[in-house]
Amino acid sequence: GAVQSPMVNGIALDQPSSGGGTVLDIDAGGAASGSWAADEDFSGGTALTYTNAVTTSLLSGTVPPQTVLQSQRYGSFTYTIPGYTSGSSHTVTLYFVENYVTGTGQREFNVLINGTQVLTNYDVYAAAGGQFMAVEKSFTTTANSSGQIVIQFSPGAVQSPMVNGIALDQPS
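Here the structure is a predicted model, which means the values were calculated and not measured.

What follows covers the nonpolar core. Nonpolar side chains tend to gather and get buried jointly when the protein is soluble and globular. If you look at the biggest cluster of nonpolar residues, it comprises 28 residues, and the most contacted ones within it are Leu94, Phe96, Val111, Ile149, Ile151, Phe153 and Ile166. Apart from residues no more than four positions distant in its own chain, Leu94 is found in contact with Val111, Leu119, Val135, Glu136, Lys137, Phe139, Val163, Gly165 and Ile166. By size, the runner-up hydrophobic cluster in this structure holds nine residues, among which are Val54, Leu69, Tyr95 and Phe132.

Read across the open sheet, the three strands follow the order β10-β7-β13; overall the sheet is antiparallel. Each having just a single partner strand, β10 (135–142) and β13 (165–168) make up the two edges of the open sheet. Within this sheet the neighbouring strands show an average axis-to-axis angle of 20°, counted without direction. As paired strands, strand β7 (residues 89–96) and β13 are joined by four bridges and run antiparallel to one another. Each bridged residue has a counterpart across the sheet, and for Thr93 the counterpart in β13 is Ala167.

Scanning the entire structure with this criterion turns up seven aromatic pairs. Measuring from ring centre to ring centre gives 5.8 Å for Phe96 and Phe109, while their planes differ by 50°; the resulting arrangement is tilted. Pair noted here: Phe96 is in strand β7 and Phe109 is in strand β8 (residues 108–113), with a separation of 13 residues, a long-range link. Residue Phe96 is classed as buried on the basis of its relative accessible area of 0%.

Thresholds, definitions, all that
Residues numbered from 1 in each chain as written. Predicted model: local features only at pLDDT ≥ 70, side-chain atom pairs only at ≥ 80, totals over all residues. Heavy atoms only, no water. Core = buried A, V, L, I, M, F, W, Y, C linked by side-chain atoms within 4.5 Å. Buried < 20%, exposed > 50% of the residue type's maximum accessible area, 1.4 Å probe, protein only. Contact = heavy atoms within 4.5 Å. Pairing = 2+ DSSP bridges. Helix = DSSP H or I, 4+ residues; strand = E, 2+ residues; numbered from the N terminus. Axes fitted to C-alpha atoms, helices over the stretch in contact; angles between N-to-C directions. Phe/Tyr/Trp six-rings, centres within 6.5 Å; stacked < 30°, edge-to-face > 60°.

Written out as structure tokens, the structure reads:
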């Protein structure tokens, strides 16, 4: 069958600043919605939106708006978020919603943050237990020597990567 490209639906990142706790949220592949900015800081990939309602009961923290979860960037792509202090520590939370495949093992992809692989052959359908169900994964990373957080989405064993949102906390 055809290979489905990686996708991302939304990205939430802390706004680089000296202020405490401000968060920059990016709606990958989508328009501004509430506190979420329109898609930015990406290279590659394709934007896509859909209208299916997304179940958010599996999310333990921030719940992005439906419009964020219903838009994505897919294909091989990279988000490069500038303006951080080199060496500063951040928690990155990735939000995923499977909107295409209909079973486990049908999409598996990889995610690297600043060159460190954080997900290997990740299967959103398996993690969520079905289609149109949001899940989240959190990781700790350090801004690179250029003061950037670089998040790369690449194909794994089957199909392509996707993510619906990315959130970074402001260092304390």
